[in-house]
Amino acid sequence: MRNLKLLKSLRSSELQGPGSPQCLAVRADTGSLLVASHYSITEYDPRTGQVVSEASLTAEGFLPEDGSGMVVGLQDLAELESACLGTAGGDVVLFNFNTCQLECVGSVDSGLTSMTWSPDEELVVLTTGQETIIMMTKDFEPITEVGIHQDDFGEGKFITVGWGKKETQFHGSEGKQAAQRKTQEVQPAAAWDDRTPRVTWRGDGQLFAVSAVCLQTGARKVRVWNREGVLQATSEPINGLEQALCWKPSGNLIAITQRHPNKHSVVFMEKNGLLHGDFTLPFSKDQAKVKDLLWNSDSTVLAVWLEDMTAGEDEQVNTSIQLWVVGNYHWYLKQSLDFSRDSQKAPVCVCWDPERPLRLHVVTRSWISVTYDWGWTTGRSPGLDATDNANVAVIDGDKILVTNFRQCVVPPPMCSFELQLTSPVNQVTFLCQPQRTNQLAALTSDGQISVYSQGGFACLCFFNVPSRIEQPLALRHLLWLEDELFVCVSSGLLPTSSTLLMLHPAHGADDTLTVRSEIEVDGVVVSMIHCSQTGTVALQLEDGRIRKLCWDRPEPSVEDWRDSSGCAINFPVPCVQTALGTLSIRSLRERAAGKCVHLCLLLSQLASNISSFAVCNDFLLITTHSHTCRCLQLSVLSVKGLQAALASDGGQNDETLRRVERGSRIVTVVPQDTRVILQMPRGNLETVHHRSLVLAQLRKWLDSLRFRDSFECMRKLRINLNLMYDHNPKVFLENMETFITQLNSISHINLFLTELKEEDTTGTMYPRPECSPAQAQPVSGQKKVDVVCDALRSAMESMDPNKFFLSILTTHVKKSVPELEVALQKVHELRVNPPDAPGSVSAEEALKYLLFLVNVNDLYEHSLGTYDFDLVLMVAEKSQKDPKEYLPFLNMLKNLEPNYQRYTIDKHLKRYRKALHHLSKCGEEHFREALLLVKEQKLYSEALRLYPTDGAHYKALSCAYAEHLMEQQQAEQAGLLLWRCGEPAAALQAFASSSSWRNAICAAQQIPLPPDQLALLARDLAEKLTEQRRFSEAALLLDQYAKDCEEAILALVTGSVWEEALRLIYMHNRQDITETNLKPALLEAFSTQTAFLEAQVATFTRHRTRLAVVREQKEKARLDMLDDDGPDCPDAELYSEASSVMSGSKYSHSNSRISSRSSKNRRKAERKKLSLKEGSPMEDRALMYALGEILTTVDKMREEVHSALKALVLFQFDKQAEKLQLAYDDALQTMEAAVPEVWPEGLQNSQAPLTGPNSTANSIMASFQQQQRPAASQGQHNV
């Protein structure tokens, strides 16, 4: 649905020469024009108006001096820096651009009728006067020469498989008579046909087609040849084929013109010679002739060069060029260039630019060259409010196809309205006044502006537009600013300038526009845009400069567009599509999708993969070549923010990004709506509701308390209804009655309730814009679903409880802990006391709805839990249960005592705590059953609360609880429980088994035990304590209760408790033990500790050295990676010093089978990763872990070494004490000095430093223990 818009036209009349131009070519490297005439060849630069080089063809004898010669072909050869031309006399001549010399490289005696080079400039095809084809290389070496007229079809001849006769085949709508119809004779070519062969190449240079007049029939026939000069196919006999021939560069179709009995068409032929599609030219059969067809380089535009068949009253014929575009299998006439009847102003040479697809070059008979630069544009209405109908106008010849996208989406080529004009349309513009943007004006090729109203698009008036230049498209960039004010651009007095014309109706002539003011602009204007919000008009010049048109002043003027600092705003490249808007408070010198498809803003290139864009209200919508559509809110973005948003790939819940079909382009955006209209490459339309537009609209509606509109939009577009509450919880709760009143639908309220969940959708699914503040939850400590359900229920009960009864039930069921009993009770009350109010629901309907919300079996169980058998029967009757299933059970329950009845129900429902509570009230005869229930369900704590502490039941329950605790290896708790209920003997056994020796001694003395048994108990307890290395407690038992001081002293000596051992020795006067046991044990402890310290220091040093080697290897690997892949290598961070990927390990590691069911298993799996084997994947982490373990172990020896040193000094073992002290001091210093090397600052994660002038071994270990596990985990993640 795009139109072709003229960006600029360059008219140059400085080129003059004898005769008239015959051939035209464009130099791809310089852009200059090559023009060959009857007398010379000229290279001309239309931008400067200078002749670059020129050579005479008559002086060298290549053309006769009388001007009767003809140039049949002209081609620029960039590789040879020459131009090749062929003359009708048979000469092939090279014109050297550097020397301006002519060189004849070959000659054909019979003369040449055409010369055509392949697109890759490797081959040239010549057609001769003897009706032959000569193919040569670029060095002019002949390849082959064949006759144009071949009797054979070619290599691609169709094969008949013999499936029946023609008479038995299906002939479609023509019927069976088509089989007997005789083939019509082919009519000869038209009289005006020049009867010369036409040659055209396919875009890839593999095939070329030749159109020539058949010698037998006199009609034209098309033959397709391959690159080797072998005939591939011949067209079927087609009546009315004309001389125009052009192969589409994309390679699928050959365009030819055909004259039918009642119409004139452009038909398309496949490479096998069969026709495939056509379109009709907008004139009658004998009105005009097609001189040529020309595809542009990207195959998007087909130019049809026409000339009238009959001359006018002045004996002159009219010439025109039409530009056709296809979309959705329909051909649109986008532009019509009507040249005057003056033969001197008629074009004689037309060609497309090879480098710029939308640049057309025209040279007239009077040597005037005109270059037209076109651009794609979408004619959309510029309104920003709801009155704008989002109209899009599509030009199709003398018709305008208007589609109203606010009301309907009509796929092209159909439309909502079709406006018929008297002549072809060149430009379409909409009125730029608010509330009236649906009015449309069209500029036609005959210089008239037609104005149409916004209702049914009725024509209001016509204006004749003055033009100072007699050439097509003298006016461009038409803007309709006010009812009686048009602004347009025309060519300036100089080729590098433009003139702005302010047009308004002339006084006394309502059908004529007059120029109110003219403004000369120093530069060629390539676009002119209007901002609907501010009324600003911006001009873009061809060099990227931006100017501002001050049109609302008494004397309109053009000024530089400057930013707040006074710097002029320029684009780095000229753009074909521009728009104005506002970006984060600051004025926007806007974004544009240009020739290189760039989005430019404030001289910053923001993105380079934009395929289309549109600015609507506060949003910028763009489609990209990566098949995404972005929607960015400009008022909340700065320039850097916009650049970052365009560069990012978008997160999982990024509302600004959505995927679209490949090649999608934005047609329009419906203002104040959520619809975006996209057009696919094949032409069909799709409507999408972009999430950003939808959420922005919803936020506006929710802020203005338009709950009804919000609900309908969210329901239709499947937006989670939780957003209605999450957007602003406080406001929603304060306006609960407004919410209910606006929805006014039980089903809608129930739908909202059923979708409630605890998730905050503004933090997950629909993140808030960065500029909007987060809304705090109004009720702290309560769940969101419960808060909303309670608030809604309270509001509905206060408004009309009968009307909203079903919704009230939903609020009970939807709570985090469903209140099914309350809901059932309300249904039961409704059944007992049915309301008389109109519109209220019955109990049957309410119960049916409740069964829809809740599973019938669950509802039956909950009704049974209310102990109300009427309610149970009511639910059971509505369920699918068989009465034989539940009636006997209910009858049995009715015959039971009330407490036992409730116990039976609760046990059936597996509500064992309630069951125990009711069973405890059933008397003595049911205690055994209660005790059995307690043991089965382990309800000991609940049971102890239900019985008095001084009763026999309490004692029995306590004993049962103690047995359970003993089974759970909780003997001490079991002993306490038995002791308190008066069972000291059993408590003694429990305390003894748990090594709770103090409680055991107390219980034994309460029994009481005889002294010998007490001593035996003390010895047993002391033995267990010794096994647990609790030597001091064991010595106390042996000394005080077993009365064995020697065993007590030996226990202390074994535990290295030297001071306590000395106390007992002197208290019991056993100094002999000092020599026999104490001193030998002290020396043995000294030897053991010294050897252990030496071993730990040696292991620490070895691990430290190995760690340095491993880190050096990894750093080297990381640097090698950077050298190989450059400084921006994305994988360089993988080879940090916390990683072992490049450590040269030959081992692989996988944890895919490791279960993470518990933290114990995870810790075990982490330890398995830390292998000290050289070359293991995580050797560095294993070494750090091992070094930390050594440091922890040595630090824990502090008290043990201190005690041993005091004892050694006491017994005058000074050398041993000195040696032990030095060994421990050396170990601490060695390890403390290594801490910064083993745990550098980079691995400490902003934790407290490990080392420092005030650090001690304890502080070092405290810091290390805090970092040890995070470091190991970090190592795991970095691998």
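Residues numbered from 1 in each chain as written. Predicted model: local features only at pLDDT ≥ 70, side-chain atom pairs only at ≥ 80, totals over all residues. Heavy atoms only, no water.

Quick look at the overall build of the protein
Then step 1. Helices and strands together make up the secondary structure of the protein, namely 33 helices and 57 strands.
Then step 2. Residues counted as buried form 50% of the 1279 residues belonging to the protein.
Then step 3. A separation of at least 24 residues holds for 50% of the contacts in the protein among residues at least 6 apart in sequence.
Then step 4. If you sum the accessible surface of the protein, you get close to 60,800 Å²; carbon and sulfur atoms cover 49% of it. (Helix = DSSP H or I, 4+ residues; strand = E, 2+ residues; numbered from the N terminus. Buried < 20%, exposed > 50% of the residue type's maximum accessible area, 1.4 Å probe, protein only. Contact = heavy atoms within 4.5 Å. Areas by Shrake-Rupley, 256 points an atom, 1.4 Å probe, with all protein chains shown as cover.)

Let's talk about the pairing of strand 12 (residues 132-137)
Then step 1. Burial runs high along strand 12: five of the six residues are buried.
Then step 2. Relative to strand 12, strand 11 (residues 123-128) runs antiparallel, the two being bridged by five bridges. Bridge pairing links leucine 123 to threonine 137 in strand 12.
Then step 3. Once strand 11 ends, the chain turns through three residues before running back antiparallel as strand 12, passing glutamate 131 with a positive phi of about 60°.
Then step 4. Two strands pair when backbone bridges link them, and strand 12 and strand 13 (residues 142-147) are joined in this way by five bridges, in the antiparallel orientation. Counted as the bridge partner of methionine 135 is threonine 144 from strand 13.
Then step 5. The hairpin turn running from strand 12 into strand 13, its antiparallel successor, is four residues long, and phenylalanine 140 in that turn takes a positive phi close to 65°. (Pairing = 2+ DSSP bridges.)

Here we look at the pattern of salt bridges
Pairing of side chains with opposite charge becomes possible as their charged atoms draw close.
Then step 1. Applying the stated criterion across every chain yields a total of 45 salt bridges.
Then step 2. Among the salt bridges present, the one from arginine 699 reaches glutamate 655, with a minimum N-O distance of 3.3 Å. In this pair, arginine 699 is assigned in helix 3 (residues 691-703) and glutamate 655 in the loop between helix 2 (639-647) and strand 54 (657-659), connecting sequence segments 44 residues apart. Exposure class is identical for arginine 699 and glutamate 655. Each is buried.
Then step 3. Of the charged contacts, one joins aspartate 790 and arginine 793 as a salt bridge, the two residues approaching to 2.6 Å between their closest N and O atoms. (Salt bridge = Lys/Arg side-chain N within 4 Å of Asp/Glu carboxyl O.)

Looking at the sheet that holds strand 19 (residues 254-259)
Two pairing modes exist for strands in a sheet, parallel and antiparallel, and in both the strands are linked by backbone hydrogen bonds.
Then step 1. Across the sheet, four strands lie side by side as 18-19-20-21; this open sheet has antiparallel pairing. If you trace the sheet from one side to the other, it starts and ends with strand 18 (241-247) and strand 21 (275-280), each paired once. Shown here is a sheet whose adjacent strand axes are inclined to one another by a mean of 25°, direction ignored.
Then step 2. Two elements, strand 20 (residues 264-269) and strand 21, share four bridges in a ladder whose sense is antiparallel. If you follow methionine 269 over to strand 21, its bridge partner there is leucine 275. (Axes fitted to C-alpha atoms, helices over the stretch in contact; angles between N-to-C directions.)

Let's talk about the nonpolar core
Then step 1. Within the largest apolar cluster, 89 residues are counted, with the highest numbers of intra-cluster contacts made by Leu957, Leu1021, Trp1058, Leu1093, Val1194 and Leu1220.
Then step 2. Ignoring anything within four residues of it in the chain, the contact list for leucine 957 reads Phe927, Leu931, Val934, Tyr940, Ala943, Leu944 and Tyr947.
Then step 3. Met724, Phe732, Phe752 and Cys789 belong to the second-largest nonpolar core, a separate cluster that totals 34 residues. (Core = buried A, V, L, I, M, F, W, Y, C linked by side-chain atoms within 4.5 Å.)

Considering the sheet that holds strand 44 (residues 557-560)
Then step 1. Taken in spatial order, the four strands make up an open sheet running 41-42-43-44, and their pairing is antiparallel. Both outer strands of the open sheet, strand 41 (525-530) and strand 44, are each paired with one neighbouring strand and no more. For this sheet the average axis-to-axis angle between neighbouring strands, irrespective of direction, equals 30°.
Then step 2. Sheet topology note: the strand 42 (residues 537-541)/strand 43 (residues 546-550) ladder contains four bridges and is antiparallel. Bridge pairing in strand 43 places leucine 539 opposite arginine 547.

What to know about the packing of helix 14 (residues 869-878) against helix 15 (residues 883-894)
Then step 1. It is at 12 Å that the axes of helix 14 and helix 15 come closest, and there the two elements cross at 180°. Between helix 14 and helix 15, the interaxial angle falls into the category roughly antiparallel. Of helix 15, the residues touching helix 14 (which contributes Phe869, Val872, Leu873, Ala876 and Glu877) are Tyr886, Leu887, Leu890, Leu893 and Lys894.
Then step 2. Per-class residue counts for the contact of helix 14 with helix 15 are eight nonpolar, no polar and two charged. (Parallel < 35°, antiparallel > 145°, perpendicular 65-115°, else oblique. Nonpolar A, V, L, I, M, F, W, Y, C, P; charged D, E, K, R; others polar.)

Looking at unusual backbone geometry
Then step 1. Across the junction of proline 412 and proline 413, the peptide omega takes the value 10°, indicating a cis bond.
Then step 2. Within the secondary structure, proline 413 is located in the loop between strand 31 (399-404) and strand 32 (417-420).
Then step 3. In this structure, the amide linkage connecting isoleucine 1007 to the following residue, proline 1008, adopts the cis form with an omega of -10°.

Examining the environment of leucine 621
Then step 1. Mapping leucine 621 onto the fold places it in strand 52 (residues 619-624).
Then step 2. Sequence separation between leucine 621 and leucine 693 is 72 residues; the distance between their C-alpha atoms is 9.8 Å.
Then step 3. The residues touching leucine 621, leaving out its near neighbours within four places in the chain, are Ser612, Phe613, Ala614, Arg630, Cys631, Ile666, Val669, Val676 and Leu693.

A look at the side chain of histidine 828
Then step 1. With respect to the element layout, histidine 828 can be found in helix 11 (residues 820-832).
Then step 2. When residues no more than four places from it in sequence are discounted, the contact partners of histidine 828 are Asp868, Asp870, Leu871 and Met874.

Quick word on empty space enclosed by the protein
Any space left empty among the atoms is revealed by the rolling of a water-sized probe across them.
Then step 1. All chains considered together, the criterion is met by 10 cavities of 30 Å³ or more.
Then step 2. Its boundaries defined by the atoms lining it, the largest cavity holds a volume of some 1,000 Å³.
Then step 3. Residue lining of the largest cavity: 46 residues in total, with Thr378, Arg380, Pro382, Ile529 and Thr578 positioned closest to the centre.
Then step 4. Taken as a whole, the second largest cavity encloses approximately 120 Å³ of empty space. (1 Å grid on protein atoms, 1.4 Å probe; cavity = no way out; pocket = protein on both sides within 12 Å on 5 of 7 lines; lining within 4 Å. Points joined across faces, edges and corners; volume = space filled by probe spheres on them.)

Some remarks on the side chain of lysine 784
Then step 1. Relative to the assigned elements, lysine 784 resides in helix 9 (residues 784-799).
Then step 2. Within the structure, the side chain of lysine 784 is placed 3.0 Å from the side chain of aspartate 726, a separation counted as a polar contact.
Then step 3. Sequence-distant contacts of lysine 784, defined by excluding residues within four places in its chain, comprise Asn722, Tyr725, Asp726, Lys757, Glu758 and Glu759. (Polar contact = N/O pair within 3.5 Å; in protein donor to acceptor, adjacent residues only side chain to side chain.)

Some thoughts on the packing of aromatic side chains
Then step 1. A full pass over the atoms with the stated rule returns 22 aromatic pairs.
Then step 2. Look at tryptophan 480 and phenylalanine 486: their rings are 5.4 Å apart centre to centre, the planes differ by 15°, and that puts the pair in the stacked class. For the pair formed by tryptophan 480 and phenylalanine 486, the shared burial category is buried.
Then step 3. Of the aromatic side chains, those joined through ring pairs into one cluster are Phe268, Phe279, Trp295, Trp324 and Trp331.
Then step 4. Across the ring face of phenylalanine 97, the terminal group of arginine 27 is positioned such that the distance to the ring centre comes to 3.9 Å.
Then step 5. Over the aromatic face of tyrosine 332 sits the side chain of lysine 334, whose NZ or CZ is 4.6 Å from the ring centroid. (Phe/Tyr/Trp six-rings, centres within 6.5 Å; stacked < 30°, edge-to-face > 60°. Lys NZ or Arg CZ within 6 Å of the ring centre and 35° of its normal.)

So, helix 3
The α-helix winds at 3.6 residues per turn, so residues separated by three or four positions along the chain end up facing the same way.
Then step 1. The end-to-end C-alpha distance of helix 3 is 18 Å, a good match for the 18 Å that 13 residues give at a rise of 1.5 Å each.
Then step 2. For helix 3, a buried count of 10 out of 13 residues is recorded, marking the element as mostly surrounded by other parts of the structure.
Then step 3. The positive-phi residue at the C-terminal boundary of helix 3 is leucine 705, with phi of around 60°. (Expected span 1.5 Å × (residues − 1).)

Some points on the confidence of the model for the protein
Then step 1. On average, residues of the protein score 83 in pLDDT, and 87% of them reach the 70 mark or higher.
Then step 2. Residue range residues 585-605 is modelled with pLDDT below 50. Its contacts to residues more than four positions away, or to other chains, number 83 contacts.
Then step 3. Low pLDDT, under 50, characterises residues 1267-1279; the predicted model gives this stretch 25 contacts beyond four residues in sequence or across chains. (pLDDT = per-residue confidence, 0-100.)

With respect to the packing of helix 4 (residues 707-717) against helix 8 (residues 746-754)
Then step 1. The contact between helix 4 and helix 8 brings their axes to 12 Å, and the two run at 65°. Crossing geometry of helix 4 relative to helix 8 is assigned as left-handed. Judged by residue contacts, Arg708, Phe711, Glu712 and Arg715 of helix 4 engage His748, Leu751 and Phe752 from helix 8.
Then step 2. Class assignment for the residues of the contact of helix 4 with helix 8 results in three nonpolar, one polar and three charged. (Left-handed = near helix turned anticlockwise from the far one by under 90°.)

Notes on helix 4
Then step 1. Within helix 4, burial applies to Phe707, Ser710, Phe711, Cys713, Met714 and Leu717. Summarising the axial view, the buried residues of helix 4 lie within an arc of 170°, below the 170-degree limit, and thus occupy one face.
Then step 2. Each element contacted by the buried residues of helix 4 is listed here: strand 57 (685-689), helix 3, helix 5 (723-726), helix 6 (729-734), helix 7 (736-743) and helix 8.
Then step 3. Where helix 4 ends, the next residue or the one after it, arginine 718, has phi of about 60°, a positive value. (Arc of directions from axis to C-beta.)

Remarks on the environment of phenylalanine 486
Then step 1. Considering the arrangement of structural elements, one finds phenylalanine 486 in strand 38 (residues 485-491).
Then step 2. Judged by its relative accessible area of 0%, phenylalanine 486 falls in the buried class.
Then step 3. Between the alpha carbons of phenylalanine 486 and threonine 429 there is a distance of 9.9 Å; along the sequence they are 57 residues apart.
Then step 4. Sequence-distant contacts of phenylalanine 486, that is, excluding residues within four places in its chain, are made with Ala441, Ile449, Val451, Phe463, Leu478, Leu479, Trp480, Leu501, Met502, Leu503 and Leu513.

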